[in-house]
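# Examination of the molecular architecture
The lines below spell out each chain.
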2 protein chains.
Amino acid sequence: MKLAIDGMGGDHAPQSIIEGVFLALEDFPTIEIQLYGQQEKMVPYLKEHPRLKVIDCSEVVGGDDDPARAVRRKKDSSMAKILDAVVTNEADACLSAGNTGALMAGGLYKVGRIEGVARPALATTLPTVDGQGFLMLDLGANAEAKPEHLQQYAIMGDIYVKKVRAQQAPRVGLLNIGTEDNKGNELTKAAFTLLKETELNFEGNVEARELLNGVADVVVTDGFTGNMVLKSLEGTAGTIFSMLKEALMATTKSKFAAMLVKNDLRSLKDKMDYTEYGGAALFGLQAPVIKAHGSSNAKAIYSAIRQAHMMVEHDVCATIKDAIAKQQHVKEND
Amino acid sequence: MKLAIDGMGGDHAPQSIIEGVFLALEDFPTIEIQLYGQQEKMVPYLKEHPRLKVIDCSEVVGGDDDPARAVRRKKDSSMAKILDAVVTNEADACLSAGNTGALMAGGLYKVGRIEGVARPALATTLPTVDGQGFLMLDLGANAEAKPEHLQQYAIMGDIYVKKVRAQQAPRVGLLNIGTEDNKGNELTKAAFTLLKETELNFEGNVEARELLNGVADVVVTDGFTGNMVLKSLEGTAGTIFSMLKEALMATTKSKFAAMLVKNDLRSLKDKMDYTEYGGAALFGLQAPVIKAHGSSNAKAIYSAIRQAHMMVEHDVCATIKDAIAKQQHVKEND
């Protein structure tokens, strides 16, 4: 299996990208990696590997580049090149930790949608207290959504969780402001009805308050709300952990206490660490396009590569294609 | 100043309500309290007080009562009675820790909107790292919102923060999925333009990730998003604190460490404790209607009474009325 990786994206590129690549090469003997980037910047971290090919690119898509145009304009950027590699079948999947909007727009423009998918959605696995995690989508690929989009998000998410996370009959939840069936705004009320009509294991509405407790395996919502909730979770967890660190470093006594519980606190923080679960994937495209977090360290890149590997190995895109074709067929015959 | 209080609402009623009432009577010499509820249930916690009047009610609005009809049907409930007291001018403001939906619907139906206010909004002050807190609205009074509603929420929130929290020129932020001016969905893009047109100290878009860092003093959003973000913040904080507690109680060593940092952890938890800041208020009604959290303890009830007291003392409703009238006048002459 061939993976095309953007060596230049993210806050710690190219070092953490390359370190993650070598971790993955070691663990997954069937993958071959094409690493795209500015050779002179990558050289200090590179070493020879029989399953690694390095391709020099003259350009880089930056965090401030206009998402809608970056990939079209910077034709020789590492981000454009990983997408090209997928289009020409030189790679089975691609991955970048760079500009999210640019990767989404580029993925849509170059790799293209699966027929019948109205809107690709950005999905990621978030942590739960029990360590299982849950998949949430859309996280902001589309600021607006219609009820039928949410239905498709659920179909795609269900397939991913079955295939990649090996869960039988994933519990699908609709993110809403209450658990009662008739709760919500026009969008969620209509989506609720559409989700009831599917063959999914639809558990009804779920509340944001309960997400970390693992109330569902797949949680669907519009991209605006998904983005808000994701950032609220991240922001709150980050704030509390940094306040906690500050409190524990304040005095000699607290420092001593912190030393005693260092491992307990680390395991707590690890539980909330979603870099474990891989990156975000753009669902509904012809091939896996994975977005690793901008702040990815080597471990996070490794997890995102593992995710790409699983998506290719389990043929997630082809399965989504079949499921959407079946859905469209049912709709036409209704 | 006269306040009408529902003795029966909330998880710890009537005990914590009555305890909170006595704390407030002690601290605020100008308030007179009318306490409505089932006398036989309240008696064990009551004592005589020259500024406390207890009114027996035969009915109680429960948590499962249909919000839209509860107050209309249960005419002799403590919740209906506190609203009646405001309508007949026997009280200047009212407060309940009971069924939120029923209090909102009842407030709208009995107390009524200020002329020109399209939609009343539910607002509360949430904690920030620096201890200042910020006001967020709407938290779910309306599941749908139009851009002009968000503009009015901002006008009302600005007045509240100026009057009750004594902040000059509060920074108003629009909750959005990015900080750039052109970010968001149709609603936030249109609301951005309308907010720019006001005389408010509008700081532009703010992200959910930054809320706890105090990026704005007033944050406006539609009720669906507001409810989602509020519950995400609460849920994440609650989950992390309970995981932390579990980790610290796991072994003898960790218990010893926990003892050493007990005070530090408590002060951290207190910082995130929004019961400090009072309850939620329904803005846009003719008189203050305060909703204390269902799980309110005596301190939270005390804070909510202090909030009602401040709203009456600083004439928040009359000021909102003037501001909305002025806004309507400007719109008509446009």
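The sections below set out a description of the structure shown in this document. Here the structure is a predicted model, which means the values were calculated and not measured. (Residues numbered from 1 in each chain as written. Chains lettered and ligands numbered in written order. Predicted model: local features only at pLDDT ≥ 70, side-chain atom pairs only at ≥ 80, totals over all residues. Heavy atoms only, no water.)

The transform that puts chain B on chain A rotates by 180 degrees and translates by 0.0 Å along the axis, for an RMSD of 0.0 Å. Classification of the inter-copy transformation places it as that of a two-fold axis. Within chain B, the C-alpha atom positioned nearest to the axis of rotation is that of Ala 257 of chain B, 2.2 Å from it. (Least-squares fit on C-alpha atoms with pLDDT ≥ 70 in both.)

Together, Phe 256 and Met 259 of chain A together with Phe 256 and Met 259 of chain B give the surface a local cluster of nonpolar side chains, amounting to about 430 Å² of exposed area. Elements that contribute at least two residues to the nonpolar patch include exactly helix H9 (252-260) of chain A together with helix H9 (252-260) of chain B. Take Met 259 of chain A: it is sitting in helix H9. (Patch = residues over 30% accessible without salt bridge, like charges linked within 9 Å, V, L, I, M, F, W, Y side chains within 5 Å. Areas by Shrake-Rupley, 256 points an atom, 1.4 Å probe, with all protein chains shown as cover. Salt bridge = Lys/Arg side-chain N within 4 Å of Asp/Glu carboxyl O. Helix = DSSP H or I, 4+ residues; strand = E, 2+ residues; numbered from the N terminus.)

Our next topic: the interface of chain B and chain A. If you look at the interface, chain B gives 45 residues, while chain A gives 45 residues. Between chain B and chain A, a total of about 4300 Å² is buried, with carbon and sulfur atoms accounting for 74% of that surface. Viewed at the interface, chain A and chain B are joined by four salt bridges. Among the salt bridges present, the one from Arg 209 of chain A reaches Glu 234 of chain B, with a minimum N-O distance of 2.6 Å. Taken together, the connections running from chain B to chain A amount to eight residue pairs in polar contact (both at pLDDT 80 or more). By residue number, the principal contributor to the side of chain B that touches chain A is helix H8 (residues 223-248) of chain B, which donates 19 residues. Residue classes in the side of chain B that touches chain A are distributed as 24 nonpolar, twelve polar and nine charged. (Contact = heavy atoms within 4.5 Å. Buried area = accessible area lost by both parts, 1.4 Å probe. Polar contact = N/O pair within 3.5 Å; in protein donor to acceptor, adjacent residues only side chain to side chain. Nonpolar A, V, L, I, M, F, W, Y, C, P; charged D, E, K, R; others polar.)

With that out of the way, let us pick up the pairing of strand E7 (residues 171-176) of chain B. Residue and element names in this part refer to chain B. Most of E7 is tucked away, with five of its six residues classed as buried. Looking at chain direction, E7 and strand E8 (residues 201-207) are connected through five bridges and run parallel. Paired with Leu 174 across the strands is Asn 205, a residue of E8. Remark: the E7/helix H7 (residues 186-196)/E8 crossover connection has right-handed handedness. As paired elements, E7 and strand E9 (residues 218-220) share three bridges and run parallel to each other. In the strand pairing of E9, Leu 174 is matched with Val 220. (Buried < 20%, exposed > 50% of the residue type's maximum accessible area, 1.4 Å probe, protein only. Pairing = 2+ DSSP bridges. Right-handed = clockwise from strand over helix to strand, strands pointing away.)

Next up on the list: helix H5 (residues 100-111) of chain B. Residue and element names in this part refer to chain B. The terminal C-alpha atoms of H5, which comprises twelve residues, lie 15 Å apart, in line with the 16 Å expected from a rise of 1.5 Å per residue. Among all positions of H5, only Ala 102, Leu 103, Met 104, Gly 106, Gly 107 and Val 111 are buried. Against helix H3 (70-73), helix H4 (78-87), strand E4 (93-96), strand E5 (121-126), strand E10 (280-283) and strand E11 (289-291) lie the buried residues of H5. Between the side-chain oxygen at the start of H5 and the backbone nitrogen of Gly 101 there is a gap of 3.2 Å, and the oxygen is on Asn 99. Immediately beyond the C-terminal end of H5, within one or two residues, lies Gly 112, with a positive phi of roughly 85 degrees. (Expected span 1.5 Å × (residues − 1).)

Residue and element names in this part refer to chain B. On the basis of which strands lie adjacent, the open sheet formed by eleven strands has the order E3-E2-E1-E4-E11-E10-E5-E6-E9-E7-E8 and mixed pairing. Edge positions in the open sheet fall to strand E3 (52-56) and E8, since each of these has one partner strand only. Sheet twist, expressed as the mean angle between neighbouring strand axes with direction ignored, is 25 degrees. As paired elements, E5 and E10 share three bridges and run antiparallel to each other. When the sheet's bridge partners are listed, Ala 123 is paired in E10 with Ala 281. The strands touched by helix H1 (residues 15-27) within the sheet are strand E1 (2-6), strand E2 (32-37) and E3, with E2 carrying the most contacts at an inclination of about 170 degrees. (Axes fitted to C-alpha atoms, helices over the stretch in contact; angles between N-to-C directions.)

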